[in-house]
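These are the residues of each chain, in order.
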Amino acid sequence: MKEENMRIGVYPGSFDPLTNGHLDIIKRASKLFDKLIVGVLRNSAKNSIFTMEERVALINKTLSVDPELHNVEVIMFEGLLVDFVKNSGASTIVRGLRAVSDYEYELQMAMLNKHMCEDIDTIFFMTDIKNSFLSSSIIKDVAKNGGSILGLVPEVIVEDIRNKMSE
Ligand code: PNS
């Protein structure tokens, strides 16, 4: 299929690191689009523990073990999300919602992005209930304190996260 005829979605985030919650959204969103781009923010306002390259590598490693995710691509971005979305040939932003507490910030972000670029819409996936308590921050906290992160992050990257957090 020609790139200009493709339905392309962008799932942006810090992914510091990828969790099972993120992976679930990637799996579900990848079915809606011909191509799903996971956009990893280069200079997150949040102080990232994992370097840009490490965050991207963890996502790519996770994608590589699931052939169903062949239409998912990981790209770093910096600057405005709407510019990245436009330059990627996409017009849809994908985000996950875990709880009502996420909603306020997500609504503000979606409205701001819509204000800056009328042609770009944000769609939300309700997080699967089994992942609703997950966040990158709690994963780092559990791993740093020697707890088990099995079942919280993709199995293939458990060891990488453990090693990083015990550095
Ligand atoms: O995983 P996160 O940290 O909640 O993702 C936030 C992200 C990357 C989607 C957001 O911070 C973002 O889009 N940053 C890029 C700069 C930008 O476009 N800002 C205006 C919209 S908030």
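For the structure itself, consult the block above.
Computed from a prediction, not measured in an experiment: that's the story for all the values here.

Enquirer: Can you walk me through the site of the ligand in this structure?
Expert: Among the 14 residues in the neighbourhood of the ligand, the closest are listed as Ser 14, Lys 46, Leu 81, Arg 95 and Met 109. Contacts to the ligand include Leu 81, whose backbone N or O atom sits 2.8 Å from an oxygen atom. Within the side chain of Arg 95, a nitrogen or oxygen atom sits 3.0 Å from an oxygen atom of the ligand. Against a free-state accessible area of 530 Å², the protein chains account for coverage of 79% of the ligand. Contributing elements (two or more residues each) for the shell around the ligand: strand E1 (8-13) and helix H4 (100-116). Per-class residue counts for the shell around the ligand are eight nonpolar, four polar and two charged.

Enquirer: I would appreciate a short explanation of the pattern of salt bridges in the present structure.
Expert: Close approach of charged atoms allows side chains of opposite charge to pair. For the coordinates displayed, the defined rule picks out 14 salt bridges. We note a salt bridge from Arg 28 to Asp 24, for which the minimum N-O separation is 2.8 Å. Here Arg 28 pairs with Asp 24, and both are found in helix H1 (residues 20-30), just four residues apart, close to one helical turn. Taking the relative accessible area as the measure of exposure, Asp 24 reaches 14% and is therefore buried. Between Asp 121 and Lys 114 there is a salt bridge, with its nearest N and O atoms 3.1 Å apart. According to the relative accessible area criterion, Asp 121 is partly exposed, its value standing at 40%. A cluster of three or more residues bridged by salt bridges with shared partners is formed by Glu 54, Lys 164 and Glu 167.

Enquirer: Can you walk me through the sheet that holds strand E4 (residues 92-97) in this structure?
Expert: Spatial strand order, E3-E2-E1-E4-E5: five strands in an open sheet with parallel pairing. Since the sheet does not close on itself, it has two edges, and those belong to strand E3 (72-77) and strand E5 (121-126), each with one partner. For this sheet, the mean inter-axis angle between neighbouring strands, taken without regard to orientation, is 30°. Pairing between strand E2 (residues 35-41) and E3: six bridges, direction parallel. Paired with Ile 37 across the two strands is Glu 73, which belongs to E3.

Enquirer: What am I meant to see in unusual backbone geometry here?
Expert: Backbone geometry follows two general trends: most residues other than glycine have a negative phi, and most peptide bonds adopt the trans configuration. The peptide bond linking Asp 16 to Pro 17 adopts the cis configuration, its omega dihedral lying at 0°. As for its placement among the helices and strands, Pro 17 is situated in the loop between E1 and H1. Unlike most non-glycine residues, Phe 15 shows phi in positive territory, near 50°. With respect to the helices and strands, Phe 15 occurs in the loop between E1 and H1.

Enquirer: I tried to follow the nonpolar core on my own but got confused; where do I start?
Expert: With 32 residues, the main nonpolar core has Ile 26 and Ile 161 as its most contacted residues. Here Ile 161 is in contact with Pro 17, Leu 18, Phe 50, Leu 58, Ile 139, Ala 143, Ile 149 and Val 153, once residues within four sequence places are set aside. By size, the runner-up hydrophobic cluster in this structure holds 12 residues, among which are Phe 77, Leu 81, Val 85 and Cys 117.

Enquirer: Would you take a moment to explain the pairing of E5 for this structure?
Expert: The side chains of a regular strand alternate between the sheet's two faces. As paired strands, E4 and E5 are joined by six bridges and run parallel to one another. Directly across from Thr 92, in E5, lies its bridge partner Asp 121. Following the chain from E4 across H4 to the adjacent parallel E5, one finds a crossover that is right-handed.

Enquirer: Would you take a moment to explain the side chain of Thr 62 for this structure?
Expert: Take Thr 62: it is sitting in helix H2 (residues 52-64). A distance of 2.8 Å separates the side chain of Thr 62 from the backbone oxygen of Leu 58, its partner in a polar contact. Filtering out sequence-adjacent residues up to four positions away, Thr 62 remains in contact with Leu 18, Leu 23, Pro 154, Val 156 and Ile 157.

Reading the values: the criteria
- Residues numbered from 1 in each chain as written.
- Predicted model: local features only at pLDDT ≥ 70, side-chain atom pairs only at ≥ 80, totals over all residues.
- Heavy atoms only, no water.
- Near = heavy atom within 4 Å.
- Polar contact = N/O pair within 3.5 Å; in protein donor to acceptor, adjacent residues only side chain to side chain.
- Areas by Shrake-Rupley, 256 points an atom, 1.4 Å probe, with all protein chains shown as cover.
- Helix = DSSP H or I, 4+ residues; strand = E, 2+ residues; numbered from the N terminus.
- Nonpolar A, V, L, I, M, F, W, Y, C, P; charged D, E, K, R; others polar.
- Salt bridge = Lys/Arg side-chain N within 4 Å of Asp/Glu carboxyl O.
- Buried < 20%, exposed > 50% of the residue type's maximum accessible area, 1.4 Å probe, protein only.
- Pairing = 2+ DSSP bridges.
- Axes fitted to C-alpha atoms, helices over the stretch in contact; angles between N-to-C directions.
- Core = buried A, V, L, I, M, F, W, Y, C linked by side-chain atoms within 4.5 Å.
- Contact = heavy atoms within 4.5 Å.
- Right-handed = clockwise from strand over helix to strand, strands pointing away.

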